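Below, each chain spelled out in residue letters.
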Amino acid sequence: MKKTIFTGAGVALVTPMNADGSVNYTLFGELIEQQIKGGTSALVVCGTTGEASTLTDDEHIELIRYAAEKASGRIPVIAGTGSNDTAYMIELSVEAEKAGADALLLVTPYYNKSSQRGLVKNFEKVADSVKTPIMLYNIPGRTGVNMSIETFKELAKHPNIVAVKESGGDITYLAKIIDACGDQINIYSGDDVMTVPAMSLGAKGVVSVLSNIAPEIMAEMCALCLKNDFKAAGEIQIKYLGFANDLLSLDVNPVPVKTALNLMGVNVGKCRLPLYEPDGDVTEKLKLSLERAGLLKK
């Protein structure tokens, strides 16, 4: 059995921005403290929700360093260092390791449309270049490429590739990965709405967008799953299912989650272009959804 990075709810943390579009490091630190206080088990920084694609290299590494120093070993920091350029992915991963990351999140290379053999060589080359454990990130809806079961099986043989964040939205496919890889790799749901089903099949937890809004709720739900109380966990999942779905369906992530946080008075600012603020209808729907879920006072 390979080392487990974390169990439970890890947060796919937003990157707060100032009014001028610069990174708001002060608020970033406050968000980290809120997540730790709320029972979150891991911080995933500079991922999709963290707008990694529009961060400069300096911002990227500074956010990782800041998170590692702020967390100070209390919970692991998982740093997004994926790219569609293997050489750059290695460079960024090495720098993230120096900055104090406890693990690395490597998204499937996008746009290039690599073959499955290319994916294996890409991830193996990065894994050979660092000592920090690696979590693969499969999200075909963003990248245009889906990792095959055989690719997962092959990569699970590498001692430094220890986990997968599966965000394909297909619970059957997630089950096939678990069946094929056994205890050679730990699986995490990348979709809030699939957390309980995934953990009932053996996933170790979730990398959650909803945890930005309600860390205590996601932590409790995952804790119940880890105790095999899936009935109670399922009741929580169903209660917040509508809002969790709205966070990912009303606009492109992280536009809805940042909008929701702003509605709640947590001024995380806007997303960087080309992501743009939602129209009034989406904002109103998010407000109503927050209210229905009991996460925003009327």
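Thresholds, definitions, all that
- All chains use their own residue numbering, which begins from 1 and follows the written sequence.
- Totals for whole chains, interfaces and linings use every residue, but because this is a predicted model, local features are given only for residues with pLDDT of at least 70 and side-chain atom pairs only at 80 or more, for both listing and counting.
- Hydrogens and water are ignored here; the side-chain numbers use all heavy atoms of the structure.
- Using a 1 Å grid laid over the protein atoms alone, points where a 1.4 Å probe fits but cannot get out form a cavity; open sets with protein on both sides within 12 Å along at least 5 of 7 lines form a pocket; any residue with an atom within 4 Å of a point counts as lining.
- Grid points are joined across faces, edges and corners, and a volume is the space filled by probe spheres set on the points.
- A run of H or I in DSSP becomes a helix once it reaches four residues, and a run of E becomes a strand once it reaches two; helices and strands are each numbered from the N terminus.
- Under the scheme applied, nonpolar residues are Ala, Val, Leu, Ile, Met, Phe, Trp, Tyr, Cys and Pro; charged residues are Asp, Glu, Lys and Arg; polar residues are all the others, including Gly.
- For this analysis, residues touch if any pair of their heavy atoms sits within 4.5 Å.
- Interaxial angles span 0 to 180 degrees and are taken between N-to-C directions of axes, which are lines fitted to C-alpha atoms, for helices over the stretch in contact.
- In this scheme, roughly parallel covers angles under 35 degrees and roughly antiparallel covers those over 145, while 65 to 115 is roughly perpendicular and the rest are oblique.
- By convention, the crossing between two helices is left-handed when the near helix turns anticlockwise from the far helix through less than a right angle, and right-handed when the turn is clockwise.
- Relative accessibility thresholds used throughout: buried, under 20% of the residue-type maximum; exposed, over 50%; partly exposed, between the two (1.4 Å probe, protein chains only).
- Here, a strand pair is defined by DSSP locating no fewer than two bridges between the strands.
- For crossovers, right-handed means that the path from the first strand over the helix to the second runs clockwise, given strands pointing away from the viewer.

Participant: Can you walk me through empty space enclosed by the protein in this structure?
Facilitator: In total, this model carries one cavity of 30 Å³ or more according to the counting rule given. If you add up the space inside the largest cavity, you get close to 50 Å³. Lining the largest cavity are Asp192, Leu210, Ile217, Met218, Met221, Ile236, Gln237, Tyr240 and Ala244. When contributions to the lining of the largest cavity are tallied by element, the ones reaching two or more residues are α9 (215-226) and α10 (230-239). Its residues assigned to classes, the lining of the largest cavity shows seven nonpolar, one polar and one charged.

Participant: It is not clear to me how the environment of Val193 should be interpreted in this structure. Could you clarify?
Facilitator: On the secondary structure map, Val193 appears in the loop between β7 (186-189) and α8 (195-200). When the C-alpha positions of Val193 and Thr49 are compared, they lie 16 Å apart, and in sequence the two are 144 residues distant. Not counting chain neighbours up to four residues away, the residues in contact with Val193 comprise Gln237, Leu241, Ala244 and Asn245.

Participant: Please explain the packing of helix α11 (residues 241-249) against helix α13 (residues 280-292) as it appears in this structure.
Facilitator: Axes are the key here: two packed helices are described by the angle between their axes and the distance separating the axes. In the contact formed by α11 and α13, the axes pass within 9 Å of each other and the chain directions differ by 155°. Between α11 and α13, the interaxial angle falls into the category roughly antiparallel. At the point where α11 passes α13, the crossing takes the left-handed sense. Mapping the contact onto sequence places Gly242, Phe243, Asp246 and Leu247 in α11 and Leu286, Ser289, Leu290 and Arg292 in α13.

Participant: In this structure, what is going on with the pairing of strand β6 (residues 161-166)? I would like to understand it.
Facilitator: For β6, a buried count of six out of six residues is recorded, marking the element as mostly surrounded by other parts of the structure. Both strand β5 (residues 134-138) and β6 contribute to a ladder of five bridges, which runs parallel. The partner of Tyr137 across the bridge, within β6, is Lys165. The sheet contact formed by β6 and β7 spans four bridges and is parallel. By the bridge assignment, Val164 is partnered in β7 with Ile187. You can see the chain leave β6, run along helix α7 (residues 171-181) and come back into β7, and the turn it takes is right-handed.

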